[in-house]
Amino acid sequence: MGELEGQVALVTGASSGIGRQLVEGLAGRGMAVAGLARNEERLTSAMAEISATTGVRTLAVTADVTDRAAVDAAVARVAGELGRVDLLVNNAGLVDAAEVPVWEADPDQWWDVVASHVRGAQLLVRAVVPGMLARGHGRVVNLASGMSTRANRDYSAYSIAKTGLMRFTEALDLALQGSGVSAFDVAPGVVDTPMTRSMEMWRDFEDWTPPGLVVDLVAAVAAGELDRWSGRLVRAGKDDPDALRATTPDGDARRLRLRPHGGADPLA
C-alpha cells in the first residue's frame, strides 16, 4: 500500500520530462494520477506504461492548458472518472525559442511562453479548486524556477512567466486561508529533461537534480506534511523535506519581496 493511496492527482505537462516523472513517482506512492498534455499519442503511451509498472490507475486527458474549453472538459472528465482531484500540479509550460534579448524575440512565441505558465495555471485552478473548496481539502503545486526570483536576459519570457506564477501562488494562498486548501511553489532545480537539453545555457551542464527529489517534495505536499509552507517556495535538491517538516517559516521568508534600501527606506 502506498503512502498516498486513495488520493487523486492531476499533473499537467505529463507526457515527458518532470511531469512524467511526477506521475510515475506519485503513482508509485499509491495515488491515482490523471496526466494532461497536448500530444495524445505520447501521453496515452506514457500513462499506460506507468499504470503497468505501478499497478495504479492512470488517466490520459488531452488538452492545451491555455484553451479554456479544453481545460474545463479535461477536468470534468477527471472528476467523472476518478471522482475528484486532491492534488493539482501545474507543470506544463514552454520556454523561449531562442536566447535573445527581449526586443529580438518573436512576440507571438514570447507571449505563448508567458500564457502557457500563467494562463495555464489560472485555468486549471479555476476548474479544479472549486471542487477542493467544496470538500474542504486539496493542494495546488505550481512548478517554479530559479528564474522565478531573478531576471534572465536571454530567457525573458520564461523568467517573467515563472515570476508571475510565483506571485499567483501567493495570491491563491491568501484567498484560500482557512479553507483547508493550500498552494505551493516547488522549484525543481535543473532536471535533465528535453526542455533543459534544448536550452543553450545548460550546454555541458552535468550537476543535474535527480527527479526523485522533486517527487519527494511534491509527495510531502500531497501528504499534508508541508502545509505550513503554503504560499512559499521550496526547492528540490536544496531543501530537505525532513527539515521543512520541522520548520515554520517566518514573516516573508521564501516570498517575492523588494529588499529595503537601508533602514530608512520609505518603501521598507
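Conventions we followed
- Residues numbered from 1 in each chain as written.
- Predicted model: local features only at pLDDT ≥ 70, side-chain atom pairs only at ≥ 80, totals over all residues.
- Heavy atoms only, no water.
- Buried < 20%, exposed > 50% of the residue type's maximum accessible area, 1.4 Å probe, protein only.
- Pairing = 2+ DSSP bridges.
- Helix = DSSP H or I, 4+ residues; strand = E, 2+ residues; numbered from the N terminus.
- Axes fitted to C-alpha atoms, helices over the stretch in contact; angles between N-to-C directions.
- Contact = heavy atoms within 4.5 Å.
- Expected span 1.5 Å × (residues − 1).
- Arc of directions from axis to C-beta.
- Polar contact = N/O pair within 3.5 Å; in protein donor to acceptor, adjacent residues only side chain to side chain.
- Salt bridge = Lys/Arg side-chain N within 4 Å of Asp/Glu carboxyl O.

Novice: Which residues make up unusual backbone geometry, and what are the values?
Specialist: Excluding glycine, a negative phi dihedral is what most residues carry, and trans is how most peptide bonds are arranged. Look at Arg-254: it is not a glycine, yet its phi comes out positive at around 65°. For Arg-254, a relative accessible area of 35% corresponds to the partly exposed category.

Novice: Tell me what's going on with the sheet that holds strand β3 (residues 58-62), and back it up with residues and numbers.
Specialist: Pairing in this open sheet of 7 strands is parallel, and the strands run β3-β2-β1-β4-β5-β6-β7 from one edge to the other. In the strand order of this sheet, the two ends are held by β3 and β7 (233-235), each with one partner. If you compare each strand with its neighbour and ignore which way they point, the axes differ by 20° on average. As judged from the 6 bridges shared by strand β5 (residues 138-143) and strand β6 (residues 181-187), these two strands associate in the parallel manner. Bridge pairing links Val-141 to Phe-184 in β6. The strands touched by helix α4 (residues 107-135) are β1 (8-12), β4 (87-90), β5 and β6; relative to β4, the strand with the most contacts, the crossing angle is about 175°.

Novice: So what about helix α3 (residues 68-82)? Which residues, and what values?
Specialist: With 15 residues, α3 ought to run about 21 Å at 1.5 Å a step, and its terminal C-alpha atoms sit 21 Å apart, in line with that. Every buried residue belonging to α3 is among Ala-70, Val-71, Ala-74, Val-75, Val-78 and Leu-82, and all of these are buried. Viewed end-on, α3 has its buried residues packed into an arc of 125°, placing them on one side of the element. Facing away from the buried side of α3 by more than 90 degrees, the exposed set consists of Ala-69 and Gly-80. The opening residue of α3 is Asp-67, an N-cap whose side-chain oxygen sits 3.1 Å from the backbone nitrogen of Ala-69.

Novice: Go over the environment of Val-78, please, and point to the residues and values.
Specialist: Checked against the element boundaries, Val-78 lands in helix α3. Along the backbone, Val-78 and Tyr-158 are 80 residues apart, and their C-alpha atoms lie at a distance of 29 Å. Among all residues touching Val-78, those that are not within four sequence positions of it are Leu-10, Ala-34, Leu-59, Val-61, Gly-83, Arg-84 and Val-85.

Novice: Any details on helix α7 (residues 211-222)? Residues and values, ideally.
Specialist: For α7, built from 12 residues, the straight-helix expectation of 16 Å at 1.5 Å per residue is met to within 8% by its first-to-last C-alpha distance of 17 Å. Three or more residues of α7 are buried, namely Val-214, Val-215, Leu-217, Val-218, Ala-219, Ala-220, Val-221 and Ala-222. Against the buried residues of α7 lie α1 (17-28), β4, β5, β6, β7 and α8 (241-245). Directly beyond the C-terminal end of α7, a positive phi value near 80° is found at Gly-224.

Novice: Go over the environment of Glu-225, please, and point to the residues and values.
Specialist: Tracing the sequence through the fold places Glu-225 in the loop between α7 and β7. Take Glu-225: its relative accessible area is 33%, and that puts it in the partly exposed class. Leave out the neighbours within four places in its chain, and Glu-225 touches Ala-220 and Arg-245.

Novice: If you had to explain the pattern of salt bridges to someone new, which residues and values would you point to?
Specialist: Summed over the entire model, instances satisfying the criterion amount to 16 salt bridges. As a salt-bridge pair, Arg-257 and Glu-170 come within 2.6 Å of each other at their nearest N and O atoms. Of this pair, Arg-257 sits in the segment after α8 while Glu-170 sits in helix α5 (residues 156-175), and the two are 87 residues apart along the sequence. Taking the relative accessible area as the measure of exposure, Arg-257 reaches 40% and is therefore partly exposed. With a closest N to O distance of 3.7 Å, Asp-252 and Arg-255 form a salt bridge. Taken together, the shared-partner salt bridges in this structure form one network comprising Arg-167, Glu-170, Asp-252, Arg-255 and Arg-257.

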